[in-house]
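Each chain is listed here by its residues.
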Amino acid sequence: KNRTTMDPVDVRLVRAAQQYQGIVSGGTTASTSSSQSAQSQTGDLRNIMSEIEEENEFLELIDQRVSRGGEVAELVRAILMGSSIFNTVDLARRFDVIKFVTIKLKDSQIVGRAAQEAVGVLLPELERLSQTQVREIIDVILEIIQEPSSDLNYTSTQTSQSFLSSENKVLDLLPKAIDAYCNTPNDAKAKTDLIAQICAMEWSASIVVPLCTLCRDIPMVLPDLLRIVHKIIATMPSLPVAELPPLIC
């Protein structure tokens, strides 16, 4: 008990969330005792969160983990788990956390396995955001399309080109974000306008192949698809020969 009391708040948040998950995924949540345990653990999680007086402290906790190279996804999951979807303050916190982590991913401050895990936490949360909020997330993701190589995490190649490192995972959020943004038949024009905006951007050479790969996961009407294809063809002269096979295939 003394060790638990002395642990930093982020460690206790993660532990409470993991214990709650363990109860819920144990297969016995229908029993009265299991239900009471889950409710108790949820209460523990929220009690720990109540120790944080300022909302920006949640982002600071995440930032500290990023700086230390710690497990970011488990902390983000814990904060989201302890934030209700029925409370205005909690809803604002959820969005702030999702956007903050998306920016960290875009800036290559979270990379590799940590980035994959963070993306895994964020993906199901996108559909819980409002359309306006999802659009803000999309705008953050789209910043990477035009950013120069000096601002991103690139790896060198045998050519003079620099290419976006596979460690950067922010683009993995794009198909789900677009789906969440345009999730009804009435949103068809919004998707067309968004694709037109993407195609109007000056794509950095590093982004062409990963972006085209992701576009395969985005349902599109034929005119939107043709717009993407024309954009790809227009960018081909700027690519080294080695990068062309993935586009052709």
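Here the structure is shown first, and the text comes after it.
Before going into details, it helps to say that this report is about the structure given with it. All values derive from a computational prediction rather than experimental measurement.

What follows covers the side chain of lysine 191. Residue position: lysine 191 is located in helix H10 (residues 188-200). Although buried, lysine 191 forms no salt bridge, and the nearest oppositely charged side chain, aspartate 179, lies 5.7 Å from it. Side-chain polar atoms of lysine 191 contact the backbone oxygen of proline 219, separated by 2.8 Å. Those residues in contact with lysine 191, other than ones at most four positions away along the chain, are Ile178, Cys182 and Pro219.

Okay, a nonpolar patch on the surface next. Residues Leu222, Leu225, Leu226, Val229 and Ile233 make up a contiguous nonpolar surface patch of roughly 430 Å² in combined accessible area. With respect to the helices and strands, the residue leucine 222 is situated in helix H12 (residues 222-235).

In this model helix H7 (residues 112-126) runs 21 Å from its N-terminal to its C-terminal C-alpha over 15 residues, within 8% of the 21 Å that 1.5 Å per residue would give. Gly112, Ala115, Ala118, Val119, Val121, Leu122, Glu125 and Leu126 are the residues of H7 that are buried. Residues of H7 that are buried sit in contact with helix H5 (72-81), helix H6 (88-106), helix H8 (131-146) and helix H9 (174-181).

What follows is about the pattern of salt bridges. Summed over the entire model, instances satisfying the criterion amount to 18 salt bridges. The salt bridge involving glutamate 74 is made with arginine 65; its shortest N-O contact spans 2.7 Å. On the basis of relative accessible area, glutamate 74 is assigned to the partly exposed category, the value being 22%. A salt bridge links aspartate 90 to arginine 93; the nearest nitrogen and oxygen atoms lie 3.2 Å apart.

It is worth spelling out empty space enclosed by the protein at this point. All chains considered together, the criterion is met by one cavity of 30 Å³ or more. By volume, the largest cavity amounts to about 50 Å³. When contributions to the lining of the largest cavity are tallied by element, the ones reaching two or more residues are H9, H10 and helix H11 (208-215). Of the residues assigned to the lining of the largest cavity, the class counts are nine nonpolar, no polar and no charged.

Between its first and last C-alpha atoms H6 spans 27 Å; for 19 residues at 1.5 Å apiece the expected length is 27 Å, and the two agree. Among all positions in H6, only Asp90, Arg93, Arg94, Phe95, Val97, Ile98, Phe100, Val101, Thr102, Lys104, Leu105 and Lys106 are buried.

Thresholds applied
Residues numbered from 1 in each chain as written. Predicted model: local features only at pLDDT ≥ 70, side-chain atom pairs only at ≥ 80, totals over all residues. Heavy atoms only, no water. Helix = DSSP H or I, 4+ residues; strand = E, 2+ residues; numbered from the N terminus. Buried < 20%, exposed > 50% of the residue type's maximum accessible area, 1.4 Å probe, protein only. Lys, Arg positive; Asp, Glu negative; His and termini not counted. Salt bridge = Lys/Arg side-chain N within 4 Å of Asp/Glu carboxyl O. Polar contact = N/O pair within 3.5 Å; in protein donor to acceptor, adjacent residues only side chain to side chain. Contact = heavy atoms within 4.5 Å. Patch = residues over 30% accessible without salt bridge, like charges linked within 9 Å, V, L, I, M, F, W, Y side chains within 5 Å. Areas by Shrake-Rupley, 256 points an atom, 1.4 Å probe, with all protein chains shown as cover. Expected span 1.5 Å × (residues − 1). 1 Å grid on protein atoms, 1.4 Å probe; cavity = no way out; pocket = protein on both sides within 12 Å on 5 of 7 lines; lining within 4 Å. Points joined across faces, edges and corners; volume = space filled by probe spheres on them. Nonpolar A, V, L, I, M, F, W, Y, C, P; charged D, E, K, R; others polar.

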